[in-house]
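Listed below are the residues making up each chain.
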Amino acid sequence: MAELLKKGAPEPVETKDVREALKAKEVKENANAERAQSGEKTKADTERYPLSKAAAPKEPSLVVFNNDGGAVASHKPVKKQIQFADEKQEFSRFPTKTGRRSLSRSISQSSTDSYSSAASYTDSSDDETSPRDKQQTNSKNSSDFCVKNIKQAEFGRREIEIAEQEMSALVALRKRAQGEKPLAGAKIVGCTHITAQTAVLIETLGALGAQCRWAACNIYSTQNEVAAALAEAGFAVFAWKGESEDDFWWCIDCCVNMNGWQPNMILDDGGDLTHWVYKKYPNVFKKIRGIVEESVTGVHRLYQLSKAGKLCVPAMNVNDSVTKQKFDNLYCCRESILDGLKRTTDVMFGGKQVVVCGYGEVGKGCCAALKALGAIVYVTEIDPICALQACMDGFRVMKLNEVVRQGDLIITCTGNKNVVTREQLDRMKNGCIVCNMGHSNTEIDVASLRTPELTWERVRSQVDHVIWPDGKRVVLLAEGRLLNLSCSTVPTFVLSITATTQALALIELYNAPEGRYKQDVYLLPKKMDEYVASLHLPTFDAHLTELTDDQAKYLGLNKNGPFKPNYYRY
């Protein structure tokens, strides 16, 4: 072994043909070098480097091994990784329909599809078949569902398991109550965002004894793999990412109109499901035992029905519960607004002029996040109390018409309609980003932009350029729908608070004795709000101070709560 190490590697073995080829190449290179020194280019140099004045670099030879273990020089041309201007690109040499399509998707959607869990695993698929036209069954041979691809169930199950780790309070509620089955006999029809976090809620309701049928409240927010996992687990789910308007209402109808199954509870987000049952199935609506609504838009609709005397069932306003307003609306939006904007536009916020329409809890969260990153934030408001809060927090309160020309970013979060009109869109600067953080897609007048004189250009998933005749572009996100759940995700822990509140509201309405709740809209009892908060405190290893008997007597409180009156503003 020592002798072999001293000898070193064996000399390369060269055949006669190889030696002759090497000699010919050397002669050619010497001639080329002489011409290069005199300023003359070879034809090969000119073709290969049309903009270069330097001589072509010498190509390295390959070393291959013969049967005897020796190295043999080879001058077989090496396939280049870098293509020059006069050479054909590899991907266009053998074009195919699927090849071109995959390439365009990789360029336009890589920034969202690659790391956004809101962008489903199936987004990158070339399967254009509508789920309504597919025949799918789960492992239990059931076909009572309609999702994008049931084969993605395993991926969805993993996401649900991850969500459960951050939703420990909801899981704890499931373990505490599943023995009692407080929702046994409940037939819940739901219309919410279908995400991993919502899946934990749906499975919790199932564990508590309820039968569930579910549709999506937003055509863009469904996580296809999660919907598949729910369908595989036996839940009747009708939802997929990218539904049409017709698909949206068809899915809701499939949940309600089922032979031999009639809902007796509604869990809604936005009021679309409640509206559909009220209009299309009035007899079913009259037999509903309770409605739980979590969005400001849906709550407004319920109050309108109640005021008109048409609400014939009790309803629980979860949106205005403390645990929803102060946590989901405020803290969730404070984080998710930045996530959604970064994933879709890669915008830098420092120095940008941002207009936030509405200074409720959602608006407060958005403004706080944007201000922290150096944006110059303006607020529009109709409520003098919210406007004064914005002023005290350091924001200029103005009308949209006064700042619309200078805004780099316009965000709506009011729950109203036509907050941003076509006239205001016409006046916006080139490159202005427009998006919505409210539930409804009516805040931005998107319908007015679908006219012949304006051109729509899809940039990437959920990002469109709307181009005016003079070349001005406005960047519209998610076609005016909810930004964070359409374009990114929301913090799981905050959704655990909302989901726990929804579950308790359903239990309360379903088990309430006759006469406790009349045909009206109610707020969640304060004691229940406090219970939801207490379930989440162990996550932070938080320890509550207990009142002494003397202190409780002095304040006139029960030692176990509730600790604040219903009119208290947190």
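Thresholds, definitions, all that
Residues numbered from 1 in each chain as written. Predicted model: local features only at pLDDT ≥ 70, side-chain atom pairs only at ≥ 80, totals over all residues. Heavy atoms only, no water. Helix = DSSP H or I, 4+ residues; strand = E, 2+ residues; numbered from the N terminus. Buried < 20%, exposed > 50% of the residue type's maximum accessible area, 1.4 Å probe, protein only. Contact = heavy atoms within 4.5 Å. Areas by Shrake-Rupley, 256 points an atom, 1.4 Å probe, with all protein chains shown as cover. Pairing = 2+ DSSP bridges. Core = buried A, V, L, I, M, F, W, Y, C linked by side-chain atoms within 4.5 Å. Salt bridge = Lys/Arg side-chain N within 4 Å of Asp/Glu carboxyl O. Phe/Tyr/Trp six-rings, centres within 6.5 Å; stacked < 30°, edge-to-face > 60°. Lys NZ or Arg CZ within 6 Å of the ring centre and 35° of its normal. Axes fitted to C-alpha atoms, helices over the stretch in contact; angles between N-to-C directions. 1 Å grid on protein atoms, 1.4 Å probe; cavity = no way out; pocket = protein on both sides within 12 Å on 5 of 7 lines; lining within 4 Å. Points joined across faces, edges and corners; volume = space filled by probe spheres on them. Nonpolar A, V, L, I, M, F, W, Y, C, P; charged D, E, K, R; others polar. Parallel < 35°, antiparallel > 145°, perpendicular 65-115°, else oblique. Expected span 1.5 Å × (residues − 1).

## Here's the deal with the overall build of the protein
Across its full length, the protein holds 22 helices and 17 strands. Counting the 570 residues in the protein, one finds 47% classified as buried. Relative to all contacts within the protein whose residues are 6 or more apart in sequence, the contacts with residues 24 or more apart total 69%. Carbon and sulfur atoms make up 53% of the accessible area of the protein, which amounts to about 30,100 Å² in all.

## Brief notes about the pairing of strand S16 (residues 473-477)
For S16, the tally of buried residues reaches four of five residues, placing the bulk of the element in the interior. One ladder, built from three bridges, connects strand S13 (residues 432-436) with S16; its direction is parallel. Directly across from Val 434, in S16, lies its bridge partner Leu 476. As paired elements, strand S15 (residues 463-467) and S16 share five bridges and run antiparallel to each other. Counterpart to Asp 464 in the pairing with S16 is Leu 476. Here S15 folds back onto S16 in antiparallel fashion, the turn holding five residues, of which Gly 471 has a positive phi close to 95°.

## Let's talk about the environment of Val 226
Checked against the element boundaries, Val 226 lands in helix H9 (residues 224-232). Judged by its relative accessible area of 0%, Val 226 is buried. On a C-alpha basis, the gap between Val 226 and Thr 195 in space is 6.2 Å, while along the polypeptide they are 31 residues apart. Val 226 has contacts with Gly 156, Glu 159, Ile 160, Thr 195, Ala 196 and Ala 199, leaving out every residue within four places of it along the chain.

## Section: the nonpolar core
Within the largest apolar cluster, 55 residues are counted, with the highest numbers of intra-cluster contacts made by Leu 183, Ile 188 and Leu 205. A total of ten residues in this core trace back to one element, the largest contributor, which is helix H20 (residues 492-511). Among the nonpolar cores identified, the runner-up in size contains 32 residues, and Ile 337, Phe 349, Cys 366 and Ala 478 belong to it.

## Considering the pattern of salt bridges
Pairing is possible between side chains of opposite charge, provided their charged atoms come close. The tally for this structure, following the rule as stated, stands at 20 salt bridges. Put simply, Arg 458 and Asp 464 hold a salt bridge, and the shortest N to O gap is 2.8 Å. Members of the salt-bridge network, linked through shared partners, are Arg 450, Arg 458, Asp 464 and Glu 479.

## Considering the sheet that holds strand S12 (residues 409-412)
The strands that make up a sheet pair up through hydrogen bonds in the backbone, lying either parallel or antiparallel. Pairing is mixed across the open sheet formed by eight strands, whose spatial order is S11-S10-S9-S12-S13-S16-S15-S14. Two strands close off the open sheet at either side, each with one partner strand: strand S11 (396-397) and strand S14 (455-460). Where strand S9 (residues 353-357) meets S12, four bridges bridge the pair, whose relative direction is parallel. Directly across from Cys 357, in S12, lies its bridge partner Thr 412.

## Some remarks on the packing of aromatic side chains
Tallied over the entire structure, the rule returns ten aromatic pairs. Ring centres 5.2 Å apart and planes at 20° place the aromatic pair Trp 249 and Trp 276 in the stacked group. With Trp 249 in helix H10 (residues 245-256) and Trp 276 in helix H11 (residues 272-280), the pair connects residues that are 27 residues apart, well separated along the chain. Taking 5.4 Å as the distance between ring centres and 75° as the angle between the ring planes, the aromatic pair formed by Tyr 278 and Phe 285 counts as edge-to-face. An aromatic cluster is present here, built from Phe 238, Trp 240 and Trp 250 joined pairwise through their rings. Looking at Arg 289, its charged tip hangs above the ring of Tyr 510, at a distance of 4.3 Å from the centre. Here the basic side chain of Arg 450 rests over the ring of Trp 456, its NZ or CZ set 4.2 Å away from the ring centre.

## Some thoughts on the sheet that holds strand S6 (residues 265-268)
Ordered by their spatial adjacency, seven strands build an open sheet running S5-S4-S3-S6-S7-S8-S17, and the pairing between neighbours is parallel. Each edge of the open sheet carries a strand with a single partner, namely strand S5 (236-238) and strand S17 (521-523). Each adjacent strand pair in this sheet contributes to an overall mean axis angle of 20°, direction not counted. Strands in contact with H11 are strand S3 (187-192), S6 and strand S7 (290-293); relative to S6, the strand with the most contacts, it is inclined by about 140°.

## A look at H11
Three or four residues apart is the spacing at which side chains of an α-helix point the same way, because the helix has 3.6 residues per turn. Inspection of H11 places Asp 272, Leu 273, Thr 274, Trp 276 and Val 277 among the buried residues, and these make up the whole buried set. Along its buried surface, H11 packs onto S3, H10, S6, helix H12 (282-286), S7 and helix H13 (296-307).

## Quick notes on empty space enclosed by the protein
Overall, the coordinates contain one cavity of 30 Å³ or more when judged by the stated rule. Here the largest cavity defines a volume of roughly 30 Å³. Contributing to the lining of the largest cavity are Val 347, Phe 349, Lys 352, Val 354, Asp 408, Leu 409 and Ile 433. Class assignment for the residues of the lining of the largest cavity results in five nonpolar, no polar and two charged.

## Some points on the packing of helix H6 (residues 153-166) against H9
Contact geometry for H6 and H9: axes closest at 7 Å, N-to-C directions at 100°. Between H6 and H9, the angle is such that the two are roughly perpendicular. Counting all contacts with H6, which are made through Ala 153, Phe 155, Gly 156, Arg 157, Glu 159 and Ile 160, the residues of H9 involved are Glu 225, Val 226, Ala 228, Ala 229 and Glu 232. Residue classes in the contact of H6 with H9 are distributed as six nonpolar, one polar and four charged.

## Observations concerning the environment of Met 428
Within the fold, Met 428 resides in the loop between helix H18 (422-427) and S13. For Met 428, a relative accessible area of 2% gives the class buried. Spatially, the C-alpha atom of Met 428 lies 7.6 Å from that of Val 474, the residues being 46 residues apart in sequence. Dropping the residues within four chain positions of it, Met 428 is found in contact with Val 404, Ile 410, Val 420, Val 434, Lys 472 and Val 474.

## Some words on helix H8 (residues 196-207)
Taking 1.5 Å per residue as the helical rise, H8 with its twelve residues ought to reach 16 Å, and the 16 Å between its terminal C-alpha atoms agrees with that figure. Here H8 lies mainly inside the structure; eleven of its twelve residues are buried. Residues Ala 196, Gln 197, Thr 198, Ala 199, Val 200, Leu 201, Ile 202, Glu 203, Thr 204, Leu 205 and Ala 207 constitute the buried set of H8. The positive-phi residue at the C-terminal boundary of H8 is Gly 209, with phi of around 110°.

## Considering unusual backbone geometry
Here the bond from Gly 561 into Pro 562 is cis, since omega is 0°, no more than 30 degrees from zero. Its location among the elements puts Pro 562 in the segment after helix H22 (549-555). Of note in this structure, Asp 346 is not a glycine but carries a positive phi near 55°. As for its position among the elements, Asp 346 is in the loop between helix H14 (322-345) and S9.

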